[in-house]
Amino acid sequence: MRANTCVAQAENPQENQPSTTTFPRKISSVNDERISDICECVLDILSALFNVSGRELRQPGRTSTSISRVRQIGMYVTHVNMGLSMAEVGRGFGRDRTTVMHACHLIEDMRDDAEFDQIVRMTERITAIAFRQQLGGSE
C-alpha cells in the first residue's frame, strides 16, 4: 500500500514545482520508525523508476552493480535532499553509515557525467514531489 502511495504522489506532480528541491534538515527529531518509512518509500520509488525488484534493492549483502548503483542513488538522494544523516540513511537502507558515505561520494563524483547527472536530478525531483507534504513543501 505504501508503495502505491509513494509512487502515485511521484507520478502526479503539480505544474509549478521547482526543478530541484533540497530539504535542509526539515525532518527534525526523526525516530527510527519514521526513518524506516522514509527509506522504504524511497526504495519503492527507486524500484518503480528504475524497473528493478524492490526485493533486490532491500537484499542484505552484496548485489549486482546495477542494483547497487540504484541503491546508491537512493542513499545519496535520501541523505542530500531529505536531510537525513548518513547513520539514519544506513539504518533505513539496512546498511552501515560508511556504506552510505561511500555511496554519496561515488554518486557525487559520477555526476560529472551529464547523462548520469540528469538521472540523479530526475530522481531528486520525483522524491521531492513524493515527500513535499511531509517536508513542508508547497502544494
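The coordinates are above.
The sections below set out a description of the structure shown in this document. Computed from a predicted model, the values in this text were never measured in an experiment.

Of note, T78 is situated in helix α4 (residues 65-80). Excluding residues within four positions of it along the chain, T78 makes contact with I38, C39, V42, G83, L84, V89 and F93.

Our next topic: the pattern of salt bridges. Summed over all chains, the structure comprises six salt bridges. The residue R58 makes a salt bridge to E40 at a minimum N-O spacing of 2.8 Å. Of the two residues, R58 is situated in helix α3 (residues 54-58) and E40 in helix α2 (residues 32-50); the sequence distance between them amounts to 18 residues. Residue classification places R58 among the partly exposed residues on the basis of a relative accessible area of 29%. Between D117 and R111 there is a salt bridge; the shortest N-O distance is 2.6 Å. For D117, a relative accessible area of 17% translates into the label buried. Owing to a relative accessible area of 15%, R111 belongs among the buried residues under this scheme.

Time to look at the environment of V80. Position of V80 among the secondary structure elements: in helix α4. Separated by 24 residues in sequence, V80 and C104 place their C-alpha atoms 8.4 Å apart.

Estimated volume of the largest pocket: approximately 240 Å³. Together, G61, R62, T63, S68, R71, Q72, M75, R95, T99 and H102 line the largest pocket. Residue assignment for the lining of the largest pocket shows that the elements contributing at least two residues are α4 and α6 (97-110). When residues in the lining of the largest pocket are grouped by element, the largest group, four residues, is from α4. Classifying every residue of the lining of the largest pocket gives one nonpolar, six polar and three charged.

Cut-offs and rules
Residues numbered from 1 in each chain as written. Predicted model: local features only at pLDDT ≥ 70, side-chain atom pairs only at ≥ 80, totals over all residues. Heavy atoms only, no water. Helix = DSSP H or I, 4+ residues; strand = E, 2+ residues; numbered from the N terminus. Contact = heavy atoms within 4.5 Å. Salt bridge = Lys/Arg side-chain N within 4 Å of Asp/Glu carboxyl O. Buried < 20%, exposed > 50% of the residue type's maximum accessible area, 1.4 Å probe, protein only. 1 Å grid on protein atoms, 1.4 Å probe; cavity = no way out; pocket = protein on both sides within 12 Å on 5 of 7 lines; lining within 4 Å. Points joined across faces, edges and corners; volume = space filled by probe spheres on them. Nonpolar A, V, L, I, M, F, W, Y, C, P; charged D, E, K, R; others polar.

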